[in-house]
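As a plain string of letters, each chain reads:
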Amino acid sequence: MDLTWSEADLAFREEVRAFLDAKLTPELRQAGRLMTSVYADHEASMEWQRILHERGWAAPAWPVKYGGCDWSLTQHYIFSRESQLAGAPSLSPMGIRMVAHALVKFGTDEQKDFFLPRILTGEVFFCQGYSEPEAGSDLAALSMAAVADGDDLVCTGSKIWTTHAREANWMFALVRTSRTQKKQQGITFVLVDMASPGIEIRPLVMTSGEEVQNQVFFDDVRVPKSNVLGEIDDGWTVAKYLLEFERGGGASSPALQVMADEIATVAADQPAPSGGRLIDDAAFSRRLADARIRTEVLEILEYRVLATVAEGKNPGTGASMLKVLATELSQTLTELAMEAAGPRGRVYQPHATFPGGPVAEFAPPPDGYVSGEPWQAVAPLRYFNDRAGSIYAGSNEIQRNILAKAALGL
Ligand SMILES: Cc1cc2nc3c(=O)[nH]c(=O)nc-3n(C[C@H](O)[C@H](O)[C@H](O)COP(=O)(O)OP(=O)(O)OC[C@H]3O[C@@H](n4cnc5c(N)ncnc54)[C@H](O)[C@@H]3O)c2cc1C
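The rules behind these values
Residues numbered from 1 in each chain as written. Predicted model: local features only at pLDDT ≥ 70, side-chain atom pairs only at ≥ 80, totals over all residues. Heavy atoms only, no water. UniProt positions renumbered as here; feature names shortened; annotations may be inferred. Core = buried A, V, L, I, M, F, W, Y, C linked by side-chain atoms within 4.5 Å. Buried < 20%, exposed > 50% of the residue type's maximum accessible area, 1.4 Å probe, protein only. Helix = DSSP H or I, 4+ residues; strand = E, 2+ residues; numbered from the N terminus. Contact = heavy atoms within 4.5 Å. Near = heavy atom within 4 Å. Polar contact = N/O pair within 3.5 Å; in protein donor to acceptor, adjacent residues only side chain to side chain. Areas by Shrake-Rupley, 256 points an atom, 1.4 Å probe, with all protein chains shown as cover. Nonpolar A, V, L, I, M, F, W, Y, C, P; charged D, E, K, R; others polar.

- Looking at an unreviewed UniProt entry, one finds the protein chain named Acyl-CoA dehydrogenase family protein, with Mycobacterium deserti as its source organism.
- In its Sequence similarities (unreviewed entry) section, UniProt records this for the protein chain: "Belongs to the acyl-CoA dehydrogenase family."
- Recorded in UniProt under Cofactor (unreviewed entry), the annotation for the protein chain is "FAD".

## Section: the nonpolar core
Thinking step 1. In this structure, Ile119, Phe126, Phe172 and Phe189 are the most contacted members of the largest nonpolar core, which totals 54 residues.
Thinking step 2. Element by element, the count of residues in this core is highest for helix 5 (residues 93–106), at seven residues.
Thinking step 3. Sequence-distant contacts of Phe126, defined by excluding residues within four places in its chain, comprise Met94, Gly95, Val99, Phe115, Ile119, Ala168, Trp170, Met171, Phe172 and Leu191.
Thinking step 4. Judged by nonpolar contacts, the second largest core, of 27 residues, contains Phe284, Leu288, Leu322 and Ala340.

## A look at the site of the ligand
Thinking step 1. Near the ligand you find 18 residues, and of these Gln128, Ser131, Ser137, Ser395 and Glu397 are the closest.
Thinking step 2. Contacts to the ligand include Ser395, whose side-chain N or O atom sits 2.6 Å from an oxygen atom.
Thinking step 3. Asn401 is positioned such that a nitrogen or oxygen atom in its side chain is 3.1 Å from a nitrogen atom of the ligand.
Thinking step 4. Notes on the ligand: free accessible area 970 Å², of which the protein chains cover 66%.
Thinking step 5. Residue contributions to the shell around the ligand peak at three residues, all from helix 12 (residues 396–407).
Thinking step 6. Along the lines of polarity and charge, the residues of the shell around the ligand split into eight nonpolar, nine polar and one charged.

## Digging into the side chain of Ser92
Thinking step 1. By the secondary structure assignment, Ser92 is in the loop between helix 4 (73–85) and helix 5.
Thinking step 2. When its relative accessible area of 12% is taken as the criterion, Ser92 is described as buried.
Thinking step 3. In this structure Ser92 touches Ser45 and Phe125, once residues within four positions along its chain are discounted.

## Some points on unusual backbone geometry
Thinking step 1. Even without glycine at this site, His164 takes up a positive phi of about 60°.
Thinking step 2. Checked against the element boundaries, His164 lands in the loop between strand 3 (152–160) and strand 4 (170–176).
Thinking step 3. The exposure class assigned to His164 is buried, which follows from its relative accessible area of 3%.
Thinking step 4. Of note, the phi angle at Asp233 is positive, near 75°, even though the residue is not glycine.
Thinking step 5. Relative to the helices and strands, Asp233 resides in the loop between strand 8 (228–229) and helix 7 (235–248).
Thinking step 6. Using a relative accessible area of 32% as the deciding quantity, one classes Asp233 as partly exposed.

## Concerning the environment of Asp138
Thinking step 1. Here Asp138 is to be found in the loop between strand 1 (126–129) and strand 2 (145–149).
Thinking step 2. Residue classification places Asp138 among the partly exposed positions, given a relative accessible area of 38%.
Thinking step 3. When the C-alpha positions of Asp138 and Gly394 are compared, they lie 9.3 Å apart, and in sequence the two are 256 residues distant.

What follows is the structure in structure tokens.
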């Protein structure tokens, strides 16, 4: 692993910075800066994807022949880092960063030709249908039935916690096509058109007040067998491959660095309970310094995982390490942010943020009044959303189990 940036890398960094300067409008930057979770406002995110696609940069990690970039590992990292430092809104990961990799590896030519270009343009927007009410950590216990009938699989059951199910027009899902002694067998990976008759979506309201997740009910939904990815009954292979990209496919340390900087700036204006400025409070500044050091460690690890991916391998156990470190660090930072935001950070005012999904039954004040800076309005929503970081994409307890077994041989 080489951490030195060459002249060419530095020139590339300037090219990326110039592009971001020119293309990130104040509205898009605002949408990125005021994100309340890992998801940006849907409209802003799609607009940014369209602009990136025009430049050929919407999916740099894809193989070049499908629209990816012929970049070195360092260039990938520079692009990701500069985008986050500039406050670009995030792109939805489910299509570009997740199912696309599985399509490239397991898809038929017809599937690749149909889905990959449309994922790039945003015409196809995916959600992920893995979890069920009785199958989360123990994903292989999933039971949504898919019964073969002619050229179709007929699906009945439900998926839960489905992020952006209402925005999505396609879902990638795991269904049960047969029952054998080993529960990992008999699972099939399907691509479901969300406009199919028999699908009903009910939003779930999160503690942040946002409606990003949903429960999706399937009642005799017909999925053509041509929409099976991989082999019938062998979807577990596809699912496992894709999960590593979900957990370790990107770089989150730059966004955490930005958050740590913002906390330091705000804490310089905030009184400490013991008197003086919060930033000078020994206990607070020690915790912030510790978080900054851990962010740097995370950055090195992200670089290492990217190096593995750039060699054409999948992220492996590095994905579990990244998932645990990044989410726990982010939770620490959102706790520090709440302290730095002070009393105004306790006020619930989603109208002053860019939520990742609609906010149920919230009437903003008619004059649009905001208590404190928008940053302070974001703090509580981020705090609540971030509690989920150690649960989604496989809980951190499960990641520790994976590391104990696969990395430590315990
Ligand atoms: C905000 C959010 C977004 C999500 N988005 C999606 C999505 O888009 N698509 C999707 O399919 N799913 C999604 N999920 C679901 C997510 O993947 C599951 O919530 C997660 O896998 C945990 O499953 P569970 O909720 O059923 O909890 P459970 O599996 O019931 O776990 C409950 C607790 O027990 C612990 N536990 C369970 N088994 C073990 C074990 N063997 N050893 C140690 N501890 C254990 C867990 O760590 C957890 O703390 C999302 C979840 C959240 C919160």
